[in-house]
Structure formats: structure tokens, C-alpha cells
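Now for the letters of each chain:
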Amino acid sequence: MSVTAAQGFRAAGIAAGIKKSGRADLALVVNDGPRAEAAGVFTRNKVKAAPVLWSQQVLTTGSLRAVVLNSGGANACTGAEGFQVAHATAEQVAEVVGCGAIDVAVCSTGLIGEQLPRETVLAGVRSAAAELASGPEAGSAVAAAIMTTDTVPKESAVTDPAGWTVGGTTKGAGMISPSMATMLSVLTTDAVLDRATLDAALREAVRYSFDRLDVDGSMSTNDTVLVLASGASGVEADPAVFTAALTRVCRDLAEQMQADAEGVTKRITVRVTGAASEDDAVTVARTIARDSLVKTAMFGSDPNWGRVAASAGYADAEIDPERLDVTINGVLLCKGAVVAGDRADCDLSGKDVLIEVELGLSGGADGHTAEIRTTDLSHAYVEENSAYSS
């Protein structure tokens, strides 16, 4: 189950006619309460889509009753008309759900620069409202309706022994460089939480999940992650336990995005240890994960540790080459920036690759570590993205 796993939520996903293919392209998630706490995080791209600008405004209240999402058009770089469409969409949802437009978040994904068909979207909202349901099929319909280049829907849920649940769905396969990615994610919970706790939990969860996924270093205009809390379980969640559960769901969704990334043939984890700080560990890991030569080497199943060492060396972080070690899939290939092992011993025939980089600048309890998940750079990725708008 997905966004409907938690009590107090109904959802629907339909084909509204936005996509020429006729596939599902509009989804609606409604929080029936009794509470309506909400929090969100958005792209750090300075070019923000109209739905992002709208949703950032409404979330200043810390409350949401509904989220409407569409695929088939990003509604980004569409000027005043695009913002009016986002506003009108929220007003239509408010009318059919019975709340104010200020209680409705709007999310869009798809090609940048084209106007959404306003009347088609508004009619789709009315149709989706008529199909709202609370069962697992409804949650799965949402996951399917927000897909663009995704090949499979992505859902996750966790139930705590205390009696509350966290569920969620996401979409995203390319243009992924969180904060957050070309991704939309809606998370729901029936735990009783105050707004400050919910916001802090979401930011912590995103930090260790979506923000640690970097498929291609390209940041979208539409990134949105929302969490809605209905309080329908009647159980007050311990903040630390809730944060851990939310992080678990977000990490699961991020791993599903990695596995379904555009053109993926290798699922790569870059793990940096012994950094001078956690920020340095993240910076080095992300730099390696984004390096085109590293990614193409992994595509070719070539354990080219020199490319890893070189990319670590140009990261904006503290590095001592004489302490730099590189291990790939368990084989130490480089120690102190000098060859240490036989590449022939490194097996990259499988889909999963672990690149470990020890910086040797901290250790023991003071050691700083970070992981970034990424994918290889394949022929299929280039082919898919070279023809995306045509």
C-alpha cells in the first residue's frame, strides 16, 4: 500500500487526457482528518515551476487537506498563465473536496515550457474526485498517474507497533540531482504530530534519502516532497521513532528510483569514510557519483580506480592524497593514491557496485561518513534523453 496505507486518506489516479498516449496522468490525494498538519521541501533550483511557487505559498500555514498532481506537463517556465492554471487547479480541488484553495498543494511533472491544458486539467480534477477511495488500489493508481519516464510505479509503507502508519509514493527516473530531483513524492501518516515535529522529521528524512540520490547531476524545476498527517490513528508518535520510520520509507522510495533510473544497468553506491566533516564526505561522494568518466567506467564494468581517485581529488573538500584509498566491490585497488590490487580480481559483472573511498582524515568515533547512490551512464540514458521532447 502507498499513500492510502495510513488511515484518514482517500486517493484517485485517472487518465485526464493531458498525455497524448492516453495513459493515467492526474492524481488526487485527500486528507479527511481529523487533523491536517503538513510539511514540504522543494527544489533549490532558482527556476521554479508554477506549482512549486503555489505550494510553497500554501504550506506557510503548515496545513493541507489535499494534493493534486499531474504528469504530462511540468507547468514550468510558463509565466503568469502557468501560475493561473496552478491556482485554478487548486480552486477546483477545493470546490470538489470542500476546503479552501489555500489548503491544496499542486504538483506537476513533464516537459518544461509548455502550457497545461487548463480545462482538461480542471475536468480531470472533477473526475478524480468522483473516484476517491481509501483502498490499496487507489494508492497504486496515484503512483501510476504521476509516472513520466518511470517504467514502474513506486510505493512504500511502514506500520509502527504503536499503531500508526507511514505510506508514500514517488516518481522519478532522470534529471535527478536532489534537492530533490525531477521527482514528486507524497507521504502520508495517521500519527498524531504537531507541525514543527512533522517538518523537522521530513527534513531529516529527505536529507538521508532523496538528497543522497544523484542519477545525473541535473536539478529539476519541479522537485516536491510533501507529507500530510491525518492524526486518524489517535496515537501520538514519538518524534525520534516517527523520524526513523519516515526516513525508512523515503530511503526505500529513493532506492526504487535508483533501480528504475533512465538507462540504468548498474546501481552504484559511493561510500566515503574518514572525511574531515560530514559535509566533506557528502561532497566527495557526490563528486565521484557525478563524474562522467566514473559512470562510463562502471557501465563498461571497468574497475578504473584512477577515475575515482581523480574525481575525489577535484572535490571541494579536504583531501590528503597520501591517505586516499579506493576499494571497489570489496577489492582494495588503491592505497595512498598508489595501485594496491589487481583489477582482474574486481568483479563488476553484476548490477550492484560499491565504491568505497577512505580519506584517512578522521577515524573511530570521530569518523565522518556519507553515501551517495547513483547509476552508470549508458547508451540507453543518452538515447532516451536525446529524444525526450521529440
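To be clear, the structure that these remarks concern was listed above.
Predicted model, so just to flag it, every value in this text is computed and none were measured. (Residues numbered from 1 in each chain as written. Predicted model: local features only at pLDDT ≥ 70, side-chain atom pairs only at ≥ 80, totals over all residues. Heavy atoms only, no water.)

Considerations on the state of the cysteines
Argument step 1. Following the criterion strictly, the structure yields 0 disulfides and no others.
Argument step 2. Not part of a disulfide, Cys99 finds its nearest cysteine sulfur in Cys107, a span of 15 Å.
Argument step 3. According to the relative accessible area criterion, Cys99 is partly exposed, its value standing at 21%.
Argument step 4. Not part of a disulfide, Cys334 finds its nearest cysteine sulfur in Cys346, a span of 13 Å. (Disulfide = S-S within 2.5 Å. Buried < 20%, exposed > 50% of the residue type's maximum accessible area, 1.4 Å probe, protein only.)

Structural notes on the packing of aromatic side chains
Argument step 1. Per the stated rule, a full pass over the model turns up 2 aromatic pairs.
Argument step 2. Judged by centre distance (5.6 Å) and plane angle (55°), the rings of Trp164 and Phe242 are tilted. You can see Trp164 sitting in the loop between strand S6 (154-159) and strand S7 (165-171) and its partner Phe242 sitting in helix H6 (residues 239-259), a full 78 residues away along the chain. The exposure classification of Trp164 matches that of Phe242, with both residues buried. (Phe/Tyr/Trp six-rings, centres within 6.5 Å; stacked < 30°, edge-to-face > 60°. Helix = DSSP H or I, 4+ residues; strand = E, 2+ residues; numbered from the N terminus.)

Topic: the environment of Ile146
Argument step 1. Residue placement: Ile146 occurs in the loop between helix H4 (136-145) and S6.
Argument step 2. Considering only alpha carbons, one finds Ile146 and Ser156, 10 residues apart in sequence, at a separation of 15 Å.
Argument step 3. Not counting residues within four places of it along the chain, the set of residues in contact with Ile146 comprises Ala27, Leu69, Ser71, Thr109, Thr169, Thr170, Lys171 and Leu184. (Contact = heavy atoms within 4.5 Å.)

A look at the pairing of strand S5 (residues 104-109)
Argument step 1. In terms of residue burial, S5 counts as a mostly covered element, since 6 of its 6 residues are buried.
Argument step 2. Burial along S5 is two-sided: the face carrying Val104, Val106 and Ser108 and the face carrying Ala105, Cys107 and Thr109 are both buried.
Argument step 3. Where strand S4 (residues 66-71) meets S5, 6 bridges bridge the pair, whose relative direction is parallel. Bridge pairing in S5 places Val67 opposite Ala105.
Argument step 4. With helix H2 (residues 79-97) bridging S4 and its parallel neighbour S5, the resulting β-α-β unit is right-handed. (Pairing = 2+ DSSP bridges. Right-handed = clockwise from strand over helix to strand, strands pointing away.)

With respect to the pattern of salt bridges
Argument step 1. Applying the stated criterion across every chain, the model contains 17 salt bridges.
Argument step 2. Its salt-bridge partner being Glu204, residue Arg207 comes within 4.0 Å of it at the nearest N-O pair. Placement of the pair is Arg207 and Glu204 together in helix H5 (residues 195-207), with a separation of 3 residues, close to one helical turn.
Argument step 3. Its salt-bridge partner being Lys335, residue Asp325 comes within 3.4 Å of it at the nearest N-O pair. A residue pair is termed long-range when its members are at least 10 positions apart, and Asp325 in strand S11 (residues 325-328) and Lys335 in strand S12 (residues 331-335) qualify at 10 residues. (Salt bridge = Lys/Arg side-chain N within 4 Å of Asp/Glu carboxyl O.)

Let's talk about the nonpolar core
Argument step 1. Membership of the largest hydrophobic core comes to 50 residues, with the highest contact counts inside it found for Leu26, Leu64, Val67, Val68, Leu69, Leu226 and Leu228.
Argument step 2. Counting 33 residues, the second-largest nonpolar core is a separate cluster that includes Ile268, Ala275, Ile288 and Ala297. (Core = buried A, V, L, I, M, F, W, Y, C linked by side-chain atoms within 4.5 Å.)

Describing the sheet that holds S12
Argument step 1. Spatially, S13-S12-S11-S14-S10-S15 is the arrangement adopted by the 6 strands of the open sheet, whose pairing is mixed. Strand pairing shows two members of the sheet lacking a second neighbour, strand S13 (338-339) and strand S15 (368-375), which therefore form its edges.
Argument step 2. Pairing of strand S10 (residues 267-275) with S15 involves 7 bridges; the strand directions are antiparallel. Bridged to Val270 within S15 is Ile372.
Argument step 3. Contacting S10, strand S14 (352-358) and S15, helix H8 (residues 292-299) runs over the sheet at an angle of about 140° to S14.
Argument step 4. Packed onto the sheet, helix H9 (residues 305-313) meets S11, S12, S13 and S14 and runs at close to 135° relative to S11. (Axes fitted to C-alpha atoms, helices over the stretch in contact; angles between N-to-C directions.)

A short note on the packing of helix H7 (residues 278-290) against H9
Argument step 1. Look at H7 against H9: their axes get within 8 Å of each other, and the N-to-C directions meet at 130°. Classified by the angle between their axes, H7 and H9 sit oblique to one another. Considering only the axes of H7 and H9, their crossing is right-handed. On H9, the residues touching Val284, Thr287 and Ile288 of H7 are Val308, Ser311 and Ala312.
Argument step 2. Residue composition of the contact of H7 with H9, by class: 4 nonpolar, 2 polar and no charged. (Parallel < 35°, antiparallel > 145°, perpendicular 65-115°, else oblique. Left-handed = near helix turned anticlockwise from the far one by under 90°. Nonpolar A, V, L, I, M, F, W, Y, C, P; charged D, E, K, R; others polar.)

What to know about H8
Argument step 1. Turning to H8, its buried residues number three or more, namely Val294, Lys295, Ala297 and Met298. All buried residues of H8 lie within an arc of 160° about the axis, which places them on one face of the element.
Argument step 2. Those residues of H8 that are buried are in contact with S10, H7, H9, S14 and S15.
Argument step 3. Here H8 starts with a cap whose side-chain oxygen sits 2.9 Å from the backbone nitrogen of Leu293, and that cap is Asp291. (Arc of directions from axis to C-beta. Polar contact = N/O pair within 3.5 Å; in protein donor to acceptor, adjacent residues only side chain to side chain.)

A closer look at the sheet that holds S5
Within a beta sheet, neighbouring strands are joined by backbone hydrogen bonds and run either parallel or antiparallel to one another.
Argument step 1. In spatial order, the strands read S1-S2-S4-S5; together these 4 strands make up an open sheet with mixed pairing. Each end of this open sheet is capped by a strand with a single partner; those strands are strand S1 (9-14) and S5. If you compare each strand with its neighbour and ignore which way they point, the axes differ by 10° on average.
Argument step 2. Examined bridge by bridge, strand S2 (residues 26-31) and S4 share 5 bridges and lie antiparallel to one another. From the neighbouring strand, Ala27 faces S4, where its bridge partner is Leu69.
Argument step 3. Along the sheet face, H4 touches S1, S2 and S4 and points at about 45° away from the line of S1.

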